[in-house]
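Single-letter residue listing:
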Amino acid sequence: MKIIDKINQCIEENKTFYSFEYFPPKTDAGVENLYQRLQRMAKFAPLFIDITWGAGGSTAGKTIEIGATAQNMIGVETQIHMTCTNMKIDELDKAIQTAKDLGISNILALRGDPPLGTQEWEKTEGGFTHAKDLVKHIRNKHGDYFGISCAGYSEGHPDGDYEKDLHYLKEKYDAGADFVVTQLFYDWQQFLKFVKDARDIGIKCPIIPGIMPINNHSSWQRMTSFCKTRIPEEMKEEMSKLNLEDDNEVKAYGIKLCITMCRALLNNGIRGLHFYTLNLEKSTESILEGLELCPKESVPRSLPWVKPANAKRLTEEVRPIFWSNRVKSYIDRTQHWDEFPNGRWSDSRSPAFGELGEEIAYFYRRKFGDKENQITAWGKEHDSIESISNVFVNFIEGKISFLPWNEQHTSPETNIIKDELIFLNKNGFLTTNSQPKVNGCPSSDKNVGWGPKNGYVYQKAYVECFISPAQLDVLEKVVAEKYPMITYQALTKDGRAKSNIKEDSTYVNAVTWGAFPGQQILQPTVVDSNAFLVWKDEAFHILDSHWLSLYDENSNAHKVLKSISDEWYLLNIVDNDYIHGDIFALFKDVVERKQ
């Protein structure tokens, strides 16, 4: 969705909104930490976030990657910066098209700062001279697809003067910019004058003030010196009384200052605030709390999985459960689909899953860290299945933070069945995915709730695990004898299959659904036989490429993991009795029978 549409809606409803800005970290580990911060700060419900573009396009790839991840996986509307510095038109076109392909539909168009190590800005041969040229180019080439914003300088550009900058801003507006985000400032009265002056020369679009909290004195001083930010005399006087070496004292003052400044802006009719977070969260959170703008409750999940803020996927309302812990690969496999399931999976199936790209392998290599980091987490030596089982148990208990099939820590709903999952793994059922049964829980429940208020949600108990052939033989017999409401599918890496589902039917089983006032029953999570074929290949590929490959071929660890890869089945099993069923009793029966 274009940000300007969301802004206009807030203005029409007289609602205050805010947004956050982040920059791409230099290291892969920093990027991963930023993703975690974005997920936490998404709970503050910003109207949008934006990601900066390094000097001279130095972070172009990371900017687009972070933007796409925020848009598609974290589900927050995202705008990326784009500059003219060191960028030829064809390079800009390539970056714009990549962003478009990844579902990004908002760009902040800038001239950009001079490249590092230079003082003067110079036009790149075959590039643009001004931000207005970039705005006009995007509009001419892509029409209204993109929401486009531009920068404003309430005190005048550091390299220009006030009146000329107003004239340049009008040119950017006339070229097609939808709204303005200003450079940081601390003189809020000057900002209000700037808005009035802009309106007087015909700039009618929203103008959003840029707010930068003070986290420590030295970095703040560097930033304000670089931007030539005017510091009001009253502020200078107050800061002279601080111990500038005490970051906590400086930060507390910065929070108090920004609350006062933002409240003055809001009292004078400004509806939006844009926070330069510097990739930090506490100061911004404290300012929002001081302004009483923080959501009093956690923002409810609209679906059990995060719905992307991606216009292409607006109709998507159903997903196979198999990718619930591996969202990035699901997004990648399906990003080129022409349509997305918006009802029962079998009735609106998109044409095909795509192949896993090399960028996904890179994403997870970075996610899990280097080889030594993985070996440390998953064990240097393994000489038995029991040793491998302990790795899964350690994950469930929170002693390690990731498994090859899981991007992050266990979810709150997994903790509901924590003891049962520990039992399964200790007994050789290596679980990669699961959910507890839920029978009419309020949609506001903090562990399993999702969807609109005053609804009720339901779940069938589900387990996915690697299972040995011997255990599967016993499980089949026990299911046939005692558990008529259980359905299961099991596949080996080479495609050998076992199932109690009729072969002549396409198996699509809703395992999560919700009933809400005035709506049809929503069924957002399913087990689907065709999708399981795709997931099976991925699950075994993960085992081989992310874990088995860590060990020397002659090692015991390699031999144990290879036996799982070559001989075991990937099982998904559903207890369709979400009222009285007990899927874990089945597994206990299998363990007792096998003994």
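Structure first, text after, so check above.
Residues numbered from 1 in each chain as written. Predicted model: local features only at pLDDT ≥ 70, side-chain atom pairs only at ≥ 80, totals over all residues. Heavy atoms only, no water.

Student: Can you help me understand the overall build of the protein chain in this one?
Tutor: Check the secondary structure of the protein chain and you find 21 helices and 18 strands. Computed over the C-alpha atoms, the radius of gyration of the protein chain is 27 Å, within 12% of the 25 Å expected from 2.2 N^0.38 for a compact globule of 595 residues. Dimensions of the protein chain, computed from the C-alpha atoms along their principal axes, are close to 85 × 60 × 50 Å. Within the protein chain, buried positions represent 55% of all 595 residues. With an accessible surface of roughly 26800 Å², the protein chain has 48% of that area assigned to carbon and sulfur atoms. (Helix = DSSP H or I, 4+ residues; strand = E, 2+ residues; numbered from the N terminus. Rg over C-alpha atoms; globule rule 2.2 N^0.38 Å. Buried < 20%, exposed > 50% of the residue type's maximum accessible area, 1.4 Å probe, protein only. Areas by Shrake-Rupley, 256 points an atom, 1.4 Å probe, with all protein chains shown as cover.)

Student: So what exactly am I meant to see when it comes to the packing of helix α2 (residues 28-41) against helix α3 (residues 60-74) here?
Tutor: Relative placement of two packed helices is described by the angle separating their axes and the distance separating the axes. With their axes 11 Å apart at the nearest point, α2 and α3 run at an angle of 35 degrees to one another. As α2 packs across α3, the resulting crossing turns out to be right-handed. Where α2 approaches α3, its residues Asp28, Val31, Leu34, Tyr35, Leu38 and Gln39 are matched on the opposing element by Lys62, Glu65, Ile66, Thr69, Ala70 and Ile74. Taken together, the residues that form the contact of α2 with α3 break down as seven nonpolar, two polar and three charged. (Axes fitted to C-alpha atoms, helices over the stretch in contact; angles between N-to-C directions. Left-handed = near helix turned anticlockwise from the far one by under 90°. Contact = heavy atoms within 4.5 Å. Nonpolar A, V, L, I, M, F, W, Y, C, P; charged D, E, K, R; others polar.)

Student: Honestly, the pattern of salt bridges in this entry has me stumped. Any pointers?
Tutor: Pairs may arise between side chains of opposite charge once their charged atoms sit close together. Counting across every chain of the model gives 24 salt bridges. Across the pair Asp537 and Lys536 runs a salt bridge, and its minimum N-O distance is 2.8 Å. Each of Lys493, Asp544, Lys562 and Asp566 takes part in salt bridges that share partners, so that together they form one network. (Salt bridge = Lys/Arg side-chain N within 4 Å of Asp/Glu carboxyl O.)

Student: Any chance you could explain helix α12 (residues 327-334) here in plain terms?
Tutor: Burial analysis of α12 places eight of its eight residues in the buried class, the great majority of the element. The complete set of buried residues in α12 reads Val327, Lys328, Ser329, Tyr330, Ile331, Asp332, Arg333 and Thr334.

Student: Could you clarify how one ought to interpret the sheet that holds strand β18 (residues 569-575) in this entry?
Tutor: Each strand in a sheet pairs with its neighbour through backbone hydrogen bonds, running either in the same direction (parallel) or in the opposite one (antiparallel). Pairing is antiparallel across the open sheet formed by five strands, whose spatial order is β10-β13-β18-β14-β15. This sheet does not close on itself; its edge strands, each paired only once, are β10 (430-435) and β15 (497-499). The mean inter-strand angle of the sheet, taken between neighbouring strand axes irrespective of direction, is 10 degrees. Note that strand β14 (residues 486-492) and β18 share seven bridges and pair antiparallel. Bridged to Ala490 within β18 is Leu571. (Pairing = 2+ DSSP bridges.)

Student: When you look at the environment of Phe20 in this model, what are you seeing that I'm missing?
Tutor: Within the element layout of this structure, Phe20 appears in strand β1 (residues 17-22). For Phe20 and Glu420, which are 400 residues apart along the polypeptide, the C-alpha to C-alpha distance reads 41 Å. Excluding its chain neighbours within four sequence positions, the residues that come into contact with Phe20 are Met41, Phe44, Pro46, Phe48, Ile49, Asp50, His274, Phe275, Thr277, Thr284 and Leu288.

Student: Just to check I follow, could you spell out helix α7 (residues 188-200) for this structure?
Tutor: Each α-helix winds once per 3.6 residues, and so residues spaced three or four apart point in a common direction. The first and last C-alpha atoms of α7 sit 19 Å apart over 13 residues, in line with the 18 Å expected at 1.5 Å per residue. Where α7 is concerned, the buried positions are Gln190, Phe191, Phe194, Val195, Asp197 and Ala198. Axial view of α7: buried residues confined to an arc of 165 degrees, hence all on one face. What points out from α7, more than 90 degrees from its buried face, is the exposed set Gln189, Lys196 and Asp200. Packed against the buried residues of α7 are β5 (147-152), α6 (162-175), β6 (179-184), β7 (207-211) and α10 (247-267). Just downstream of α7 lies Gly202, where phi reads positive at about 95 degrees. (Expected span 1.5 Å × (residues − 1). Arc of directions from axis to C-beta.)

Student: So what exactly am I meant to see when it comes to the pairing of strand β16 (residues 508-515) here?
Tutor: The side chains of a regular strand alternate between the sheet's two faces. The element β16 is largely enclosed, with a buried count of seven among its eight residues. Two strands pair when backbone bridges link them, and strand β12 (residues 456-459) and β16 are joined in this way by four bridges, in the antiparallel orientation. Residue pairing across strands places Gln459 opposite Thr512, the latter belonging to β16. In terms of strand pairing, β16 meets strand β17 (residues 522-528) through five bridges, oriented antiparallel. Paired with Gly514 across the strands is Leu522, a residue of β17. The turn joining β16 and β17, which pair antiparallel and follow one another in sequence, is formed by six residues; a positive phi near 70 degrees is taken by Gly518.

Student: Looking at this structure, I do not really get the packing of α6 against α7. What am I missing?
Tutor: One way to put it is that α6 packs onto α7 with a least axis distance of 11 Å and a crossing angle of 50 degrees. In terms of orientation, α6 and α7 fall into the oblique class. The chirality of how α6 crosses α7 is right-handed. For the pair α6 and α7, the contacting residues are Tyr162, Leu166 and Leu169 in the first and Gln190, Lys193, Phe194, Asp197 and Ala198 in the second. Among the residues making up the contact of α6 with α7, the classes are represented as five nonpolar, one polar and two charged. (Parallel < 35°, antiparallel > 145°, perpendicular 65-115°, else oblique.)

Student: What am I meant to see in the packing of aromatic side chains here?
Tutor: A ring pair, where both rings are aromatic, is described by two values, the distance of the centres and the angle of the planes. Enumeration over the complete set of coordinates arrives at 25 aromatic pairs. Plain terms: the ring middles of Tyr145 and Phe146 are 4.8 Å apart, the flat faces sit at 85 degrees to each other, and that makes the pair edge-to-face. Plain terms: the ring middles of Tyr186 and Trp220 are 6.1 Å apart, the flat faces sit at 65 degrees to each other, and that makes the pair edge-to-face. On the criterion of sequence distance, the pair formed by Tyr186 in the loop between β6 and α7 and Trp220 in helix α8 (residues 217-227) is long-range, its members being 34 residues apart. (Phe/Tyr/Trp six-rings, centres within 6.5 Å; stacked < 30°, edge-to-face > 60°.)

Student: How should I be thinking about the side chain of Asp197 in this particular structure?
Tutor: On the secondary structure map, Asp197 appears in helix α7. Reaching out from Asp197, the side chain makes a polar contact with the side chain of Lys193 at a distance of 2.7 Å. When neighbours within four sequence positions are excluded, Asp197 is seen to be in contact with Tyr162 and Leu166. (Polar contact = N/O pair within 3.5 Å; in protein donor to acceptor, adjacent residues only side chain to side chain.)

Student: Mind showing me how you'd approach the environment of Ile573 here?
Tutor: Tracing the sequence through the fold places Ile573 in strand β18. Taking the C-alpha atoms as reference, Ile573 lies 11 Å from Phe587; in sequence the two are 14 residues apart.

Student: Would you mind going over the pairing of β14 with me for this structure?
Tutor: Counting buried positions over the seven residues of β14 gives seven, a clear majority of the element. Residues Ile486, Tyr488, Ala490 and Thr492 point to one face of β14 and Thr487, Gln489 and Leu491 to the other, with burial holding for every one of them. Taking the residues that link successive antiparallel strands as the turn, the β14-β15 hairpin has four residues, and the phi of Gly495 there is positive, at about 100 degrees.

Student: What exactly am I supposed to notice about the sheet that holds β17 here?
Tutor: With respect to topology, five strands assemble into an open sheet ordered β9-β17-β16-β12-β11, the strand pairing being mixed. Of all the strands in the sheet, just β9 (319-320) and β11 (438-442) have a single pairing partner and so form its edges. Running over the sheet, helix α19 (residues 529-547) touches β9 and β17 and is turned about 60 degrees from β17.

Student: Mind showing me how you'd approach unusual backbone geometry here?
Tutor: Peptide bonds are mostly trans, and most non-glycine residues show a negative phi. The phi dihedral of Lys228 is positive, around 55 degrees, even though this residue is not glycine. Counting through the fold element by element, Lys228 comes out in the loop between α8 and α9 (233-240). A residue is classified by how much of its surface remains accessible, and Lys228, at 54% relative accessible area, is exposed. The phi torsion at Asn454 lies on the positive side, around 65 degrees, for a residue other than glycine.

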